[in-house]
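Topology and contacts: notes
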Amino acid sequence: MTSHTPADTFPRQYARTLRYTVGAPRSFSVVPDGSRVVFLRSRSGGDRANLLWTLDTATGEERIAADPAVLLGGGEEDLSPAEKARRERSRESSAGIVGYALDAAGDRAAFALSGRLFTADLAAGTTAELPAVGPLLDPRLSPDGAHVAYANTAGELRLTRTDGGGDRALAEPDGPNVTWGQAEFIAQEEIDRTRGFWWSPDGERLLAERADDSPVRRWWIADPANPDREPAEVAYPAAGTANAEVGLWVLDLHGGRTEVSWDHAAFPYLARVHWSEGGVPLLLVQSRDQRAQRVLGLDVTTGATEVLFEEHDEVWLEAFPGVPAWTPDGKLVRISDQGGVRALVVGDQAVTGADLHVRSVVAVTAREVFFSASGGAEETDPEPGWIAVGRISHDGKELAWESANGRPFTSVTSAVHAGGITVRATAEPDLPGTLVQVARDLPEGVVVDDVATVASYAETPAITARPVFRFAGERRIPAAVFLPTGYDRERDGLLPVLMDPYGGPHGQRVVQAHNPHLNSQWFADQGFAVVVADGRGTPGRGPAWEKSIAFDFAGATLDDQVEALRALADEFPLDLDRVAIRGWSYGGYLAALAVLRRPDVFHAAVAGAPVTDWELYDTHYTERYLGHPAERPEVYAANSLNGYAAGLERPLMIIHGLADDNVVAAHTLRLSSALLAAGRPHTVLPLSGVTHMTPQEEVAENLLLLQVDFVKRSLGL
């Protein structure tokens, strides 16, 4: 790590370094023969432009494979609106090379830069620009490296030869709102599927998504600070309204085209596509209410599909990273909720038990499955928040853990694996950043750290986070508590409290790592006891924990913040007469909900980009948890904020980016109107030109300062 600039304050450094991610290595791949590791990293903690790097696993030597400054001749990047939207969906704030794809051998990489197409010969260390009709999106090499397929902003899926021999369209839009080869909004934002096309292992054909968003309701995102500009048109599928029509086609390189058939009416969501060497392509499709899903096997010749597995759940089903997949000997690998346990299943056998909560599949080899997991339904963990990568034999009899520090249950680890090489990234609570190590498998299956440590150029944080982890209350709510640096209880007494949750689905805040807690520690250093609590609905505690919020956001998630606060006050110096709460997105919803419904507990709130009316949020997310608004209008009324406006008794600041196309500013404006109609004073801070991520340095820095000032004034500090 590099040191920070002495003149930096924490808020400025935190904003400038994109939460200390700039300069850290990321996006790892291991080539199939294990000879090299490919990754992205910028030159320093102050440079957001990522370069493409390789690491030789025989020598540990790192080498630059592609440098955007050289390829662009020192010019600035020019990103299309479609690429900016794609990055917003994937929460990507960095610059330069932000993604790449390899051929089957891992000898060549393809990537987009400023809407143009480039390839890098990883062995020779050379780069080349290829002809392409751009601005392009998501270029991907064929397995043999002879072609690159890519989507573009015109909605086409195109093919270009890597020898420069020509560029042509494989599929062109047959309507004004049709795109080929691009994941639609719901897939990107909610299903964690960013890809829209997939190469066959022999490189002779592709599976390609065709999406038509004509049925989707149009919204317009205006820029009030610049009234001369036209509003941006956005196809936004709000809860209860139509989604894009999504289909899948087999396209061969010679012009053949076959439509893939399945029961679209019953299973409209295309959640996953997997096409591995030696196995038929797998599709995972979901019903609109997400209570049923099917794993389908595809005949690429006819387009017909066969149901390989079907499951149902009375609440909802999840789509997990890395599955469904095949083992090399033809067993189906999946993750399934069985008997209150989220288990890894190989063939027909669950190979993990109640002591683990499986989160994703990392890799599948001839004898093992690499997977990510945390503590399970048995609740035997002494501390919350660990995430580990394990490797388990197909029969479940042999299990080993990957961890750079040798302590998988007191850290957060992620990994990639191929060719007998594992790249694992381990974060710990008492060390800044993440340690990335490259390890080689020995023949007997033992892992040894005998290759290299990948350097990080990320800046060292200006402060040190000191989380104290607890399970709080009878429900054993995962929590982390932060006290001011240098706090002395006899001298300083009880502290005003700042609850700092996300508190909702897919957002785990209590993790055994350092950097994710820096923001909370900084708030603590301003004179607060800060509490982060992951109540029911947050991930990592078992299916029952996650699904207990069904049809009840406003009850379960708020109740658990109150329980955690009161339970932790028995041990920590929390002044329950001075309690504020802040949050962003779902956390913003929860913060506003807290002062509206529980003014007896919460005395001030800062709500950033809050969802205030769930009928304004998207289909896949909202209907999974609250049902269809036409079928459950009372649920939407009970869980939205506007109906509680008359109950506001406490100071409330609402912050919203006016360019936000995920949680649109209408949420804040409607709540503000309801508060005004009820005669309730409140503060609204509109952010011109700011999206849901607030990536601008000055905005991100000053938002922290303004929140502290508001909370202190509101609590009389």
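Figured I'd write up the structure that's included with this text. (Residues numbered from 1 in each chain as written. Predicted model: local features only at pLDDT ≥ 70, side-chain atom pairs only at ≥ 80, totals over all residues. Heavy atoms only, no water.)

Taken N-terminus to C-terminus, the directions of helix H8 (residues 553-568) and helix H9 (residues 586-597) make an angle of 80°; their axes are 10 Å apart at the nearest point. Judged by the inter-axis angle, H8 sits roughly perpendicular to H9. Touching Phe 553, Ala 554, Gly 555, Thr 557, Leu 558 and Gln 561 of H8 are Tyr 586, Tyr 589, Leu 590, Leu 593, Ala 594 and Arg 597, all from H9. Within the contact of H8 with H9, the residues separate by chemical class into 8 nonpolar, 3 polar and 1 charged. (Axes fitted to C-alpha atoms, helices over the stretch in contact; angles between N-to-C directions. Helix = DSSP H or I, 4+ residues; strand = E, 2+ residues; numbered from the N terminus. Parallel < 35°, antiparallel > 145°, perpendicular 65-115°, else oblique. Contact = heavy atoms within 4.5 Å. Nonpolar A, V, L, I, M, F, W, Y, C, P; charged D, E, K, R; others polar.)

The next subject is the packing of aromatic side chains. One pass over the full model with this rule turns up 30 aromatic pairs. Measuring from centroid to centroid gives 5.9 Å for Phe 111 and Phe 118, while their planes differ by 15°, and the two rings are stacked. Summarising the aromatic geometry, the rings of Tyr 589 and Trp 614 are spaced 5.3 Å apart at their centres and angled 75° between planes, so their arrangement reads as edge-to-face. Of this pair, Tyr 589 sits in helix H9 while Trp 614 sits in the loop between strand E42 (604-608) and helix H10 (619-626); the two residues are 25 residues apart in sequence, bridging distant segments of the chain. Across this residue pair, the class does not change: Tyr 589 and Trp 614 are buried. Every member of this aromatic cluster is reached through a ring pair, and the members are Trp 316, Tyr 502, Phe 553, Tyr 586, Tyr 589, Trp 614, Tyr 617, Tyr 621 and Tyr 625. Note that Arg 41 overlies the ring of Trp 53, its terminal NZ or CZ placed 4.0 Å from the centroid. Lying across the ring of Phe 471, Arg 476 places its NZ or CZ 4.0 Å from the centre. (Phe/Tyr/Trp six-rings, centres within 6.5 Å; stacked < 30°, edge-to-face > 60°. Buried < 20%, exposed > 50% of the residue type's maximum accessible area, 1.4 Å probe, protein only. Lys NZ or Arg CZ within 6 Å of the ring centre and 35° of its normal.)

This paragraph deals with the pairing of strand E2 (residues 36-42). The element E2 is largely enclosed, with a buried count of 7 among its 7 residues. Covered by surrounding structure in E2 are Arg 36, Val 38, Leu 40 and Ser 42 together with Val 37, Phe 39 and Arg 41, the residues of both alternating faces. Two strands pair when backbone bridges link them, and strand E1 (residues 26-30) and E2 are joined in this way by 3 bridges, in the antiparallel orientation. Looking at the pairing, Ser 29 lines up with Val 38 of E2. Here E1 folds back onto E2 in antiparallel fashion, the turn holding 5 residues, of which Gly 34 has a positive phi close to 75°. One ladder, built from 7 bridges, connects E2 with strand E3 (residues 49-56); its direction is antiparallel. In the strand pairing of E3, Phe 39 is matched with Trp 53. A loop of 6 residues connects E2 with E3, the two strands running antiparallel in sequence. (Pairing = 2+ DSSP bridges.)

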